[in-house]
Amino acid sequence: MNNLKTVLHCYYFNTAKAADREAWSTLQREREAAGARMFSTHGGGGSHYLGYYPSVPVELEIGHLFNDQWNTAPIPALKADRGLRVFDFAHDACLPNRNIQRGHWLEITDEMRAVRRDTLKCGYCGAHYRGPEYPAFCTSCLDSAYLKAEDLRLLRLRPVADSRLPFEPLTAAESAMLMPRYREAQLHGSTERGRKRLAKARLDVGATYAAAIRNAEAERAGATWIMDNLPGLLENWIYYSHTGRHCFGWRKPLDGDVLSALLDRVSEFPGSYDIKCADGRTLSN
């Protein structure tokens, strides 16, 4: 489905003036009649004022729908290369002068109403469903690791236009249908996303295991070689698992006969190493 076209309007009133005060009241009545709920930050902070553009054509994306706001395609007139978040009716904070009423509003078209009416949305994960056939409950998030049994009612699909209404509790029949699916999904995964998550977890566990074995073997090999050849260096040696390298002299840099003895034998050491020397050098293989 293509983007929806409409017009974005900006407004700015100083209600200390009688004419502006009347214009502001008229705009609020018109927006209410159009079914546009006001999103206001007037009592706090934040701004949705987009400049002194009386009106500008915009295209609204429908990939992610909300009941009172939209994402736009890029708007060259506003130099919005990445698009903007716009509201059906936005009312800005303008402190400290509370007489200033400013913000923006959208012309609500029949197409905008229709897409909000005909697109169903999950109250938990926000997945969208369109078309003549759809399930009663969302099938995209049953295997979410964060979904609790008491939140299953949020999976009830409803039109985007109704997304602010409270979610009714599950009926006995709905619970009897949904709970077994929920338990099965939580245990075994039921969606493509869930299966991919489990497959990735399996790979991660395998990689962690392999790394642990590899590091344990490298540390054992290094420690064994030291105990067999220069046991006095054992307390001044360490293996860094995050780099896979051994370090001699990590507690106290080496010099003199100790350093010479290590250099005489270290060519046979079973691993990559660094030797910290008392003269400031670090010798590495």
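Read on for a plain summary of the structure. Residue positions are given per chain, counted from 1 along the sequence in the order it is written. Given that the model is predicted, a residue must reach a pLDDT of at least 70 before its local features are reported, and side-chain atom pairs must reach 80 or more before they are shown or counted; all residues, however, enter totals for whole chains, interfaces and linings. The side-chain values count all of the structure's non-hydrogen atoms but skip hydrogen atoms and water molecules.

Comments concerning the sheet that holds strand 8 (residues 120-121)
Working step 1: Taken together, three strands build an open sheet; the order of strands is 9-8-10 and the sheet is antiparallel. Since the sheet does not close on itself, it has two edges, and those belong to strand 9 (128-129) and strand 10 (158-159), each with one partner.
Working step 2: The pairing of strand 8 with strand 9 spans two bridges and is antiparallel. Counted as the bridge partner of lysine 121 is histidine 128 from strand 9. Only when DSSP finds a minimum of two bridges between them are two strands counted as paired. Numbering of helices and strands runs from the N terminus; a helix is a DSSP stretch of H or I covering at least four residues, while a strand is a stretch of E covering at least two.

So, the environment of tyrosine 182
Working step 1: Summarising the element assignment, tyrosine 182 is placed in helix 3 (residues 172-188).
Working step 2: Think of it in three bands: residues with accessible area under 20% of the maximum for their type are buried, residues over 50% are exposed, and the middle band is partly exposed, with areas taken using a 1.4 Å probe on protein chains only. For tyrosine 182, a relative accessible area of 10% gives the class buried.
Working step 3: Any pair of N or O atoms that falls within 3.5 Å is considered a polar contact. Within protein, one atom must be able to donate a hydrogen and the other to accept it, and sequence-neighbouring residues count only if both atoms are side-chain atoms. A polar contact of 3.3 Å, which involves the side chain of tyrosine 182, links it to the backbone nitrogen of alanine 149.

Regarding the pattern of salt bridges
Working step 1: One side-chain nitrogen of Lys or Arg within 4 Å of one carboxyl oxygen of Asp or Glu is enough to make a salt bridge. Inspection of the entire model under this criterion finds ten salt bridges.
Working step 2: Residues arginine 37 and aspartate 68 are paired through a salt bridge, measuring 2.3 Å at the closest nitrogen-oxygen approach. Residue arginine 37 is located in the loop between helix 1 (18-33) and strand 2 (39-40), and its partner aspartate 68 is located in the loop between strand 3 (55-61) and strand 4 (69-72); the two are separated by 31 residues in the primary sequence.
Working step 3: On the accessibility criterion, aspartate 68 (4% relative accessible area) is buried.
Working step 4: Across the salt bridge formed by aspartate 274 and arginine 245, the nearest N and O atoms sit 3.0 Å from each other.

Section: the side chain of threonine 109
Working step 1: Examined against the element boundaries, threonine 109 turns out to sit in the loop between strand 7 (100-106) and helix 2 (110-118).
Working step 2: The exposure class assigned to threonine 109 is buried, which follows from its relative accessible area of 17%.

Re the packing of aromatic side chains
Working step 1: Each aromatic pair joins two rings of Phe, Tyr and Trp (for Trp, the six-membered one) with centres within 6.5 Å, and gets the label stacked for planes under 30 degrees apart, edge-to-face for over 60, and tilted for any other angle. All chains considered together, the criterion is met by ten aromatic pairs.
Working step 2: Each ring, one from tyrosine 11 and one from tryptophan 24, has its centre 5.4 Å from the other, and the planes form 25 degrees; the classification is stacked. Taken together, the residues tyrosine 11 in strand 1 (residues 4-14) and tryptophan 24 in helix 1 connect sequence positions 13 residues apart.
Working step 3: Taking relative accessible area as the criterion, tyrosine 11 reaches 4% and is therefore assigned buried.
Working step 4: With a relative accessible area of 8%, tryptophan 24 lands in the buried category.
Working step 5: For the pair tyrosine 11 and phenylalanine 89, a centre-to-centre distance of 6.0 Å together with 55 degrees between the ring planes defines the contact as tilted. Taken together, the positions of tyrosine 11 in strand 1 and phenylalanine 89 in strand 6 (residues 89-91) put the pair 78 residues apart, joining distant regions of the chain. Both residues of the pair, tyrosine 11 and phenylalanine 89, count as buried.
Working step 6: Ring pairs connect the aromatic residues Tyr11, Phe13, Trp24 and Phe89, which therefore count as one cluster.
Working step 7: Here the basic side chain of arginine 158 rests over the ring of phenylalanine 167, its NZ or CZ set 3.7 Å away from the ring centre. Only when the NZ atom of a Lys or the CZ atom of an Arg is both within 6 Å of the ring centre and within 35 degrees of the ring normal do we say a charge sits over the ring.

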